[in-house]
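Take a look at the letters that make up each chain.
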Amino acid sequence: MGAAFSATVASAAWHAEATAWVTEALARRGVRVVAPPQQPRVRPWSTQLVVDTDAGRYWFKAACRSASFEPALQALLAELAPDAVDAPAAVDADRGWLLTADRGATLRERRAPDAGDWAVLLTRFAHLQQTLVGHGAALRASGLPDCSAGTVPARLDAVLDLLEGFPAGHPARPADPFAARLREARAAVVTAAAILADSPLPSTLQHGDLHPGNVFEVHGGLRVFDLGDAQWAHPLEVLEVSSAVARDGGADWAPVERAYRRAWDAWCAARGLPPVGAEGDAPAWDDLRRAAGVTHAVNRAWTRCGALAEATEAEWADWGEAAGRHLAKVLDPVPGPQT
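Notes on the structure follow.

Scoring rules and cut-offs
Residues numbered from 1 in each chain as written. Predicted model: local features only at pLDDT ≥ 70, side-chain atom pairs only at ≥ 80, totals over all residues. Heavy atoms only, no water. Salt bridge = Lys/Arg side-chain N within 4 Å of Asp/Glu carboxyl O. Helix = DSSP H or I, 4+ residues; strand = E, 2+ residues; numbered from the N terminus. Buried < 20%, exposed > 50% of the residue type's maximum accessible area, 1.4 Å probe, protein only. Pairing = 2+ DSSP bridges. Axes fitted to C-alpha atoms, helices over the stretch in contact; angles between N-to-C directions. Contact = heavy atoms within 4.5 Å. Core = buried A, V, L, I, M, F, W, Y, C linked by side-chain atoms within 4.5 Å. 1 Å grid on protein atoms, 1.4 Å probe; cavity = no way out; pocket = protein on both sides within 12 Å on 5 of 7 lines; lining within 4 Å. Points joined across faces, edges and corners; volume = space filled by probe spheres on them. Nonpolar A, V, L, I, M, F, W, Y, C, P; charged D, E, K, R; others polar. Parallel < 35°, antiparallel > 145°, perpendicular 65-115°, else oblique. Left-handed = near helix turned anticlockwise from the far one by under 90°.

With respect to the pattern of salt bridges
In step 1: In the structure shown here, the tally under the stated rule is 23 salt bridges.
In step 2: The partner of Asp92 in a salt bridge is Arg95, with the nearest N and O atoms 2.8 Å apart.
In step 3: Across the salt bridge formed by Arg111 and Glu217, the nearest N and O atoms sit 3.0 Å from each other. With Arg111 in the loop between helix H4 (107-110) and helix H5 (115-132) and Glu217 in strand E6 (residues 215-218), this pair connects stretches of sequence that are 106 residues apart.
In step 4: The class of Arg111 is partly exposed, set by a relative accessible area of 35%.
In step 5: By relative accessible area, Glu217 is classed as partly exposed at 28%.
In step 6: Here the residues in one salt-bridge network are Arg110, Arg111, Asp117 and Glu217, joined through shared partners.

Some words on the sheet that holds strand E4 (residues 97-101)
In step 1: Overall, antiparallel pairing links the four strands, which are arranged E1-E2-E4-E3 in an open sheet. Edge positions in the open sheet fall to strand E1 (46-53) and strand E3 (90-92), since each of these has one partner strand only. With direction set aside, neighbouring strand axes in the sheet form an average angle of 15°.
In step 2: Pairing of strand E2 (residues 56-63) with E4 involves five bridges; the strand directions are antiparallel. Within the sheet, the bridge partner assigned to Ala62 lies in E4 and is Trp97.
In step 3: In the packing of helix H2 (residues 12-27) onto the sheet, contacts are made with E1, E2, E3 and E4, and the angle to E4 comes to roughly 50°.

Section: the nonpolar core
In step 1: Counting residues in each nonpolar core, the largest one holds 91 residues, and the members touching the most others are Phe60, Leu99, Leu122, Tyr260 and Leu327.
In step 2: Here this core gets ten residues from one element, more than from any other, and that element is helix H12 (residues 282-307).
In step 3: If we ignore the near neighbours within four places in the chain, the residues touching Leu327 are Leu156, Val159, Leu160, Leu163, Phe178, Leu182, Ala297, Val298 and Ala301.

Digging into the layout of surface pockets
Sizing a probe to match a water molecule and rolling it over the atoms shows the empty space that remains.
In step 1: Volume-wise, the second largest pocket comes out at about 220 Å³.
In step 2: Around the second largest pocket, the lining is made up of 15 residues, and of these Phe5, Ala63, Cys64, Arg95 and Glu310 lie nearest the centre.
In step 3: Those elements giving two or more residues to the lining of the second largest pocket turn out to be helix H1 (5-9) and E2.
In step 4: Broken down by element, the lining of the second largest pocket gets its largest block of residues, three residues, from H1.
In step 5: Residue composition of the lining of the second largest pocket, by class: eight nonpolar, three polar and four charged.

Things to note about the packing of H5 against helix H11 (residues 253-270)
In step 1: Following both chains from N to C, one finds H5 and H11 inclined at 25°, their axes separated by 8 Å at the closest point. When the axes of H5 and H11 are compared, the pair comes out roughly parallel. Here H5 and H11 pass one another in a crossing that is right-handed. Contacts between H5 and H11 involve Ala115, Trp118, Ala119, Leu122, Thr123, Ala126, His127, Gln129 and Gln130 on the former and, on the latter, Trp253, Pro255, Val256, Ala259, Tyr260, Ala263, Trp264 and Trp267.
In step 2: Classifying every residue of the contact of H5 with H11 gives 13 nonpolar, four polar and no charged.

Comments concerning the pairing of E2
In step 1: For E1 and E2, the ladder comprises eight bridges, and the chain directions are antiparallel. Following the sheet pairing, Val50 is matched in E2 by Trp59.

Re the packing of H5 against helix H10 (residues 238-248)
In step 1: At a closest axis distance of 12 Å, the pairing of H5 and H10 adopts a crossing angle of 170°. Relative to H10, the element H5 lies roughly antiparallel. Counting all contacts with H5, which are made through Trp118, Leu122, Phe125 and Gln129, the residues of H10 involved are Val238, Leu239, Ser242, Val245 and Ala246.
In step 2: Here the contact of H5 with H10 is built from residues that sort into seven nonpolar, two polar and no charged.

By themselves these figures say nothing about function.
Pasting the structure below:
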């Protein structure tokens, strides 16, 4: 195994290489760096450099191998939906490097988001998802992981094989009774995947971490960023993280979810499909939400494992329980929050 990602990006040699790349990329745009880039934090899966220039601030992001698709994905999304995603200033897809202009405060930093803010965010994200439905091949070719419903049962097997393969005492290794229960729950995962595959809603972009801290207000619109957890998956999976963050912030979630449902009902109606989330159709909607909670739990656990694939033992100790925590929802598939 090579050096841990966090050790690599904390080294002077890496910092010099990244700084040179940023400086050259900005110079091609006629922009000059006016101060040494600062590195505010390092995580096992990504790091950032803050770059001050004579044309304002820029942000550089480097991702671990499992999230290295983000620069290419953001560049493609900016072409397909320029009103929803900012075009990068520069990308290096091979190294997983991304350079973007600073957009100021996020929506969360501007104010405490209420249900109205959340409803606008989820409605606009539903529209983005709908725009991208026909671009799956291009998005997956950019590196976006295919986590569509049919792939989820095998992903559960792979995650459990990985976790159970860790030595006794490893922070990510599940206790034997818990692992056995998850193995027994595979049939429920297969059922959930089938429910989603049979629904009228197609696979599309699933942000992976959609909340107001990953959104800028730009010219009266909203633009999303931080796409390192993104997947090609069932659209309703996006509600899992969003609902948890909204409720933790005290927002009334019910009208937010209704707004998201209406956006997809309109999409279905335009195609002659029955409404999925029409008022009074709660049982069918709840079935889809419950199924999406199950598949999201597996997909989220998988992304957490990928994020720690280049981690140190200390980082596994800090973050390793996340995969099991997400998988626990497979055993309790109730529509609701998951962080």
